[in-house]
Amino acid sequence: MAVAAIVRRDLLRFVRSPLRTVLMFAIPLVMAAIFSLVFGGDGADAISIRVLVWDEDGSLLSALLQGGADDPRVDQRLDLVPVGAEGYQMMEEGEASALVHIPAGFTEAFLKGQPATLEVVKNPAQRFLPQVVEEGVSVGAVALSQLSRVFRPELEQIHSMLSGDGLPGDLAIGAMAVAVNQKLRRLERSLFPPAVKLETVTLKPAGDAVAADVGILSYFLPGLAIMGILFLAQAATRDVLLERESGLLRHLLTAPVTVGQYLVGKCLSVFLATAAGFAILVLLGLVAGVTWGPPLAAAALVLASSLAAAGTLLLIMSLVGSQRQGDALTTIVIIVWSLLGGAFIPISQIPRFLHPICRATLTYWATDGFTTLILGGGGLTDIVPNLVVLTACGALFLLLGALFLRRRILAGGT
Amino acid sequence: MITVQHLRRCFGTLVAVDDVSFEVREGEIFGLLGPNGAGKTTTINMICGVLRPDGGRVLVDGGDIWLDPVGVKRKLGVVPQEIALYEDLTARDNLEFWGSLYGLVGAELRSRVDEVLSRVGLSERARDRVKGFSGGMKRRLNLCMGLLHRPRLLLLDEPTVGIDPQARLNILEVIREVAAAGTTVLYTTHYMDEAEQLCQRIAIIDHGKILTLGSLEELTRLAGEGEVVRLSGSFDANRASDCLSRIDGITVHAVSDGRAVLSVAAGGRGLTAVLPDLLGAELGLDDVSIQPPSLQSVFIRLTGRELRD
């Protein structure tokens, strides 16, 4: 009866303080959403590079150069803005990543085989995007240079045709086409097939596991949810210290409640609050499209992770002297465990020498379990080691925490 | 109803309660009066089973709280000195939780909650969170926690500390009603007027020891039924001691520079005979105040100090 009353009261306090509880859920959800946006853009909302083009040449070649940007793959990323001399002023005001200046006589010089110059003005306030523009224009310049070398006689012929009076005759154009065609045929053997071919391969998971088709949120939310429930368990176990410091525990023990009943009630309420919080995060994740894996396995992992979080936090709180000490110590543990346990970054990205330390954190076992279920397509049998470690450690820590608290309370430390 | 025998408790080298013994009879309001740090709360904590004594024992209705904690605690209602409420819960939530610890459920629990809230004038605020309550309202709700399960013995540890006079009157009135209904009350306070108005018997405690115990009449008789006289002026302590020692019929309790406390012995010359001697002692008096026999005079007589709020 007393145990049930204590559990009911503690859970009621979470319900009566919705803001605190909502914040606990909001932290992992918002972080997961931000991570997904940063690392998982599908191209539609990708960054676009704004480039000013000052075309003083106004010729067919300069139009062709700009037309290269009409490729749909490039067009999504490139925002070309035709400008005049005011383009320099716009660059001064940081309105674009770069300005490409095609000077007057550029085509003329190109056809005559004289040095032709393209000018790229970069925005100093940006680091990456102007570099992309510069590289792109460099590739174009190299291509034009090679074209100029290979087709030099034909280009000079074109120049003399264009610079003559009136339009060139059909015969001259036909002869030019034949000459270009013959040169291309000779070059064909050198150009095709390409000596280096690029082939993109997406690796499949090892063994029989099938890679699940999951959204980007599924990569981040489980780890961050585990961090979230650690904070939830921190709030729930903090109550033990609050009750000790405020005299609430002393008063409670004047009622027909034994220290054992109080501690059982407290352990249960911390575990239930944490598990309920995790369950809500799972549901919110499902709504957002997160695939948690087989329901039974995911539920078992949620319960085991909640037990581990509750046990860990209760044990720490039972060892400290005050609420302030408890808050400081548990926050450090939660952040370090989240970093090392893969809540923020995959374990594979952490230096190998740290891996044994990572495996010593319960966050690792929880995150690894969800990774197996979500990304590895695993089932209940695949996460048995994770469940055993989380449950055993959680139960042991909960028991130790309760015993330490009991000793303190009976010694008059209420 | 309560038998306290040779109770002792130390915190390190500090002896907080030293060989305290007393009995509280069924149906009476028993006061434990003493200044802050006298050992009142430590004594209460040992009686209600929160603190284990280093020595001695406590029997509540014949039962030892350390042998049958749950059974004995069911008979007790405890109102602690600190506000023991969950501020993020409503008044009703707090009381329903507390009642459920004593096995109250359903309609009975709800009706008891309504009853105690009405008794302390908080019915209108039943569904409000305690966080928004004034100090006086919290104190009244704190009192409700001790009354909810209708205990046979109510332990109140300074329940009126830091509240406004109106809330204080309400609390004292409720305690009188509860006692009139047959509940035994053990009431600790450092307010002498409360002890005088409320308690049938009073034990005065200081530095962890019971100095004296009895009804108000017995205690004032102990004080010699004489008036307490306070002097203030521009005198120094040595000169005042010297002058006052030459006056017959008075007992000097405390002398310091500019201040002296003395009492006029009962059956002696009487105040009217003593006053001219005091005024003629050329002490450079600024003020003379006379207090009729009271717990204050008893405390002064026993400790040589005043019991201050």
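The sections below set out a description of the structure shown in this document. Note that this is a predicted model, so its numbers are computed, not measured.

## Structural notes on the overall build of chain A
On a plain count of helices and strands, chain A comes out with 17 helices and four strands. For chain A, long-range pairs separated by at least 24 residues make up 79% of all intrachain contacts whose partners lie at least 6 apart in sequence. Accessible surface computed for chain A: about 21900 Å², of which carbon and sulfur atoms make up 65%.

## Some thoughts on the environment of A:F404
Residue and element names in this part refer to chain A. Locating F404 in the fold gives a position in helix α17 (residues 384-410). Classification of F404 as partly exposed rests on a relative accessible area of 28%. In this structure, the C-alpha to C-alpha distance between F404 and S318, residues 86 residues apart in sequence, is 5.9 Å. Ignoring sequence-local partners within four residues, the contact set of F404 consists of L315, S318 and L319.

## Here we look at the nonpolar core
Ranked by size, the top nonpolar core spans 129 residues in total, and within it A:Y262, B:L95, B:W98, B:L101 and B:L141 carry the most contacts. Top contributing element to this core by residue count: helix α10 (residues 217-246) of chain A, with 15 residues. B:W98 has contacts with A:H251, A:L252, A:T254, A:A255, B:M145 and B:L148, leaving out every residue within four places of it along the chain. Of all hydrophobic cores here, the second largest spans 28 residues; its members include B:L7, B:V58, B:V60 and B:I65.

## Let's talk about helix α10 (residues 271-279) of chain B
All names here are of chain B. Among all positions in α10, only L271, V274 and L278 are buried. The buried side chains of α10 occupy one side of the element, clustering within an arc of 65° when seen end-on. Along α10, exposed side chains directed more than 90 degrees from the buried face belong to T272 and L279. Elements that come into contact with the buried residues of α10 comprise β11 (228-233), α9 (237-245), β12 (250-256), β13 (259-264) and β14 (285-291).

## Examining the pattern of salt bridges
The final tally for this structure, using the stated rule, is 30 salt bridges over all chains. Taking the shortest distance from any N to any O, the salt bridge between B:D18 and B:K209 comes out at 2.9 Å. Taken together, the positions of B:D18 in strand β2 (residues 14-24) and B:K209 in strand β10 (residues 209-214) put the pair 191 residues apart, joining distant regions of the chain. Residue classification places B:D18 among the buried residues on the basis of a relative accessible area of 19%. Since its relative accessible area comes to 40%, B:K209 is described here as partly exposed. A salt bridge links B:D61 to B:R152, with the shortest nitrogen-to-oxygen separation between them at 2.5 Å. Here B:R152 lies in the loop between α5 (135-147) and β7 (153-157) and B:D61 lies in the loop between β4 (55-60) and β5 (63-64), a separation of 91 residues in the sequence. In this structure B:R152 comes out as partly exposed when scored by relative accessible area, which is 37%. If you follow the salt bridges from partner to partner, you end up with A:R9, A:D10, A:E243 and A:K266 in one network.

## Structural notes on the sheet that holds strand β2 (residues 78-82) of chain A
Residue and element names in this part refer to chain A. Taken in spatial order, the four strands of this open sheet run β2-β1-β3-β4, and their pairing is mixed. Bordering the open sheet on either side are β2 and β4 (119-122), each of which pairs with just one other strand. Strand-to-strand twist in this sheet, taken as the mean axis angle between neighbours without regard to direction, amounts to 25°. Where strand β1 (residues 49-55) lies against strand β3 (residues 98-102), five bridges are found, and the strand directions are parallel.

## What about the interface of chain A and chain B?
Each partner contributes to the interface: chain A provides 27 residues, whereas chain B provides 29 residues. Counting every contact that joins chain A to chain B gives three salt bridges. Taking the shortest distance from any N to any O, the salt bridge between B:D93 and A:R16 comes out at 2.5 Å. Counting across the interface, chain A meets chain B through eight residue pairs in polar contact (both at pLDDT 80 or more). Here the side of chain A that touches chain B takes eight residues from helix α1 (residues 2-16) of chain A, the largest share from any one element. When the residues that make up the side of chain A that touches chain B are grouped by side-chain class, the tally is 13 nonpolar, eight polar and six charged.

## Here's the deal with the pairing of β13(B)
All names here are of chain B. Buried residues dominate β13, accounting for five of its six residues. With five bridges connecting them, β11 and β13 associate as antiparallel partners. Residue pairing in the sheet places V229 in a bridge with L262 of β13. Where β12 meets β13, six bridges bridge the pair, whose relative direction is antiparallel. The residue of β13 that forms the bridge with A254 is V261.

## Overview of the packing of aromatic side chains
For the coordinates displayed, the defined rule picks out eight aromatic pairs over all chains. Between the aromatic rings of A:W292 and A:F370, the centroid separation amounts to 5.5 Å while the plane-to-plane angle is 75°, which identifies the pairing as edge-to-face. Here A:F370 lies in helix α16 (residues 362-374) and A:W292 lies in the loop between α12 (259-287) and α13 (295-319), a separation of 78 residues in the sequence. Here A:W292 matches A:F370 in class, with each residue buried. Here the aromatic rings of B:Y86 and B:F97 are separated by 6.1 Å at their centres, their planes lie at 85°, and the arrangement is edge-to-face. Highlighted residues: B:Y86 in the loop between β6 (76-79) and α3 (91-101) and B:F97 in helix α3, separated in sequence by eleven residues. Assigned by exposure class, B:Y86 and B:F97 land together as buried. Among the aromatic residues, those joined into a cluster by ring pairs are B:Y86, B:F97, B:W98 and B:Y102. One Lys or Arg, A:R9, reaches over the ring of B:F97 and ends 4.6 Å from the middle of that ring.

The rules behind these values
- The residue numbering used here restarts from 1 in each chain and proceeds along that chain's sequence as written.
- Numbering of ligands from 1 and lettering of chains from A proceed in the order in which they are written.
- Local features are withheld for residues below a pLDDT of 70 in this predicted model, meaning they are given only at 70 or higher, and side-chain atom pairs are given and counted only at 80 or more; totals for whole chains, interfaces and linings count all residues.
- Values reported for side chains reflect all heavy atoms of the structure, with hydrogen atoms and water molecules removed beforehand.
- Segments assigned H or I by DSSP are reported as helices when at least four residues long, segments assigned E as strands when at least two residues long, and all are numbered from the N terminus.
- Any two residues having at least one pair of non-hydrogen atoms within 4.5 Å are treated as being in contact.
- Shrake-Rupley sampling with a 1.4 Å probe provides the accessible areas, and residues are treated as covered by the protein chains on show and by no other component.
- When a residue's accessible area, from a 1.4 Å probe over protein chains only, is under 20% of the maximum for its type it is buried; when over 50% it is exposed; and in between it is partly exposed.
- Remark: nonpolar core denotes a set of buried residues (Ala, Val, Leu, Ile, Met, Phe, Trp, Tyr, Cys) joined through side-chain atoms within 4.5 Å.
- This arc describes the spread of directions from the helix axis toward the C-beta atoms.
- Should a side-chain nitrogen of Lys or Arg be within 4 Å of a carboxyl oxygen of Asp or Glu, the pair is scored as a salt bridge.
- At least two DSSP bridges between two strands are needed for those strands to be called paired.
- Under this scheme, a helix contributes an axis fitted over its contacting stretch, all axes are lines through C-alpha atoms, and angles between N-to-C directions fall in the 0 to 180 degree range.
- Polar contacts, as used here, are pairs of N or O atoms within 3.5 Å; protein pairs need one atom able to donate a hydrogen and one able to accept it. Residues neighboring in sequence count only if both atoms are side-chain atoms.
- Lys, Arg, Asp and Glu make up the charged group, whereas Ala, Val, Leu, Ile, Met, Phe, Trp, Tyr, Cys and Pro make up the nonpolar group; the residues left over, Gly among them, are polar.
- Only the six-membered ring of Trp is used, alongside the rings of Phe and Tyr, when aromatic pairs are assigned; centres must lie within 6.5 Å, and planes under 30 degrees apart are stacked while those over 60 apart are edge-to-face, with the rest tilted.
- By definition, being over a ring means that NZ of Lys or CZ of Arg is both within 6 Å of the ring centre and within 35 degrees of the ring normal.

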